[in-house]
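Below, each chain spelled out in residue letters.
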Amino acid sequence: MAGTANNPRLGLNFRDQWPKITGRFITYSLSFDTYFSQYNSGVGLLFLRDNAGGGKLTTTQAGLNYSYRLKLNRDISLQPGIQFLYYQRKINFDKLTFADQYFGDEILGGTVESPPEDQSGHIDFSGSLLAFSKKSWLGASVDHLMHTSTTLQSDPRYVPIKLSVYGGIKFLMKKPFMNSDEESLSFAFHYMNQALMQQLDMGVYYNKLP
């Protein structure tokens, strides 16, 4: 959806999961996209950082999105897109403890476990297609088009391809008239399938301008 807002758009997200237990899971991300009307193109930037277990395992993602808008008629546009993503996973082996280090209530310093590589990194690609109007949208995307592995050592298993289908519709509750502002209610869904995992998210948005 890079460029669909027709204006510059900035998104910031922060999550602190299970803050009261030892080894916090903290995730933060930043996204920015804008539309260049002279080129019928949308461009977006993505950045995500995830610290798992108090920094024992960190994941970093940086991506670039590009989309091109095709006007099918007065109301409906078609927008294919592609995403380039760099993915890095890093482990702090010194912060980990294993079964052979426990001696009663004490934790010994050494372990027979051999450390894996400190980090792994790879590139990935995604493709998408979106159809939208002022009041509705429907799209699909395919992630992990590259054969990549998220493990920290040589492993023949790859991240399975993920398929996403999403859409929504907006109902105007109050049309803008004279000095009044638009008021609307939108229904949206997002279905994901990856290997044996399936997930369906549904939501409702209430919007009142400005």
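1. With respect to the side chain of E183
Consideration 1: Assignment of secondary structure puts E183 in strand β12 (residues 183–194).
Consideration 2: Within the local environment of E183, its side chain forms a polar contact with the side chain of Y206, the two groups lying 2.6 Å apart.
Consideration 3: When neighbours within four sequence positions are excluded, E183 is seen to be in contact with F171, L172, M173, K174, Y206, N207 and K208.

2. Some remarks on the pairing of strand β10 (residues 136–143)
Consideration 1: Where strand β9 (residues 119–132) and β10 come together, six bridges link them in antiparallel fashion. What sits directly across from L129, in β10, is A140.
Consideration 2: Adjacent in sequence and paired antiparallel, β9 and β10 are bridged by three residues.
Consideration 3: Note: β10 against strand β11 (residues 162–174), eight bridges, orientation antiparallel. Residue pairing for β11: D143 is matched across the bridge by K162.

3. Looking at unusual backbone geometry
Consideration 1: Phi at N40 is positive, roughly 55 degrees, even though this residue is not glycine.
Consideration 2: Residue N40 is classed as partly exposed on the basis of its relative accessible area of 30%.
Consideration 3: One non-glycine residue, H144, lies in positive phi territory at about 65 degrees.
Consideration 4: Among the secondary structure elements, H144 is positioned in the loop between β10 and β11.

4. Points about the pattern of salt bridges
Consideration 1: Scanning the entire structure with this criterion turns up three salt bridges.
Consideration 2: Measuring nitrogen to oxygen at the nearest pair gives 3.0 Å for the salt bridge that ties R9 to D33. Pair noted here: R9 is in strand β1 (residues 9–17) and D33 is in strand β2 (residues 25–36), with a separation of 24 residues, a long-range link.
Consideration 3: Of the charged contacts, one joins E182 and K170 as a salt bridge, the two residues approaching to 3.2 Å between their closest N and O atoms. Of this pair, E182 sits in the loop between β11 and β12 while K170 sits in strand β11; the two residues are 12 residues apart in sequence, bridging distant segments of the chain.

5. Side note on the pairing of strand β13 (residues 197–208)
Consideration 1: Summarising the sheet, β12 and β13 pair through 12 bridges and their orientation is antiparallel. Pairing of E183 across the sheet is with K208, part of β13.
Consideration 2: The turn joining β12 and β13, which pair antiparallel and follow one another in sequence, is formed by two residues; a positive phi near 55 degrees is taken by A195.

Cut-offs applied
Residues numbered from 1 in each chain as written. Predicted model: local features only at pLDDT ≥ 70, side-chain atom pairs only at ≥ 80, totals over all residues. Heavy atoms only, no water. Helix = DSSP H or I, 4+ residues; strand = E, 2+ residues; numbered from the N terminus. Polar contact = N/O pair within 3.5 Å; in protein donor to acceptor, adjacent residues only side chain to side chain. Contact = heavy atoms within 4.5 Å. Pairing = 2+ DSSP bridges. Buried < 20%, exposed > 50% of the residue type's maximum accessible area, 1.4 Å probe, protein only. Salt bridge = Lys/Arg side-chain N within 4 Å of Asp/Glu carboxyl O.

Purely spatial values, then, with no claim about function.
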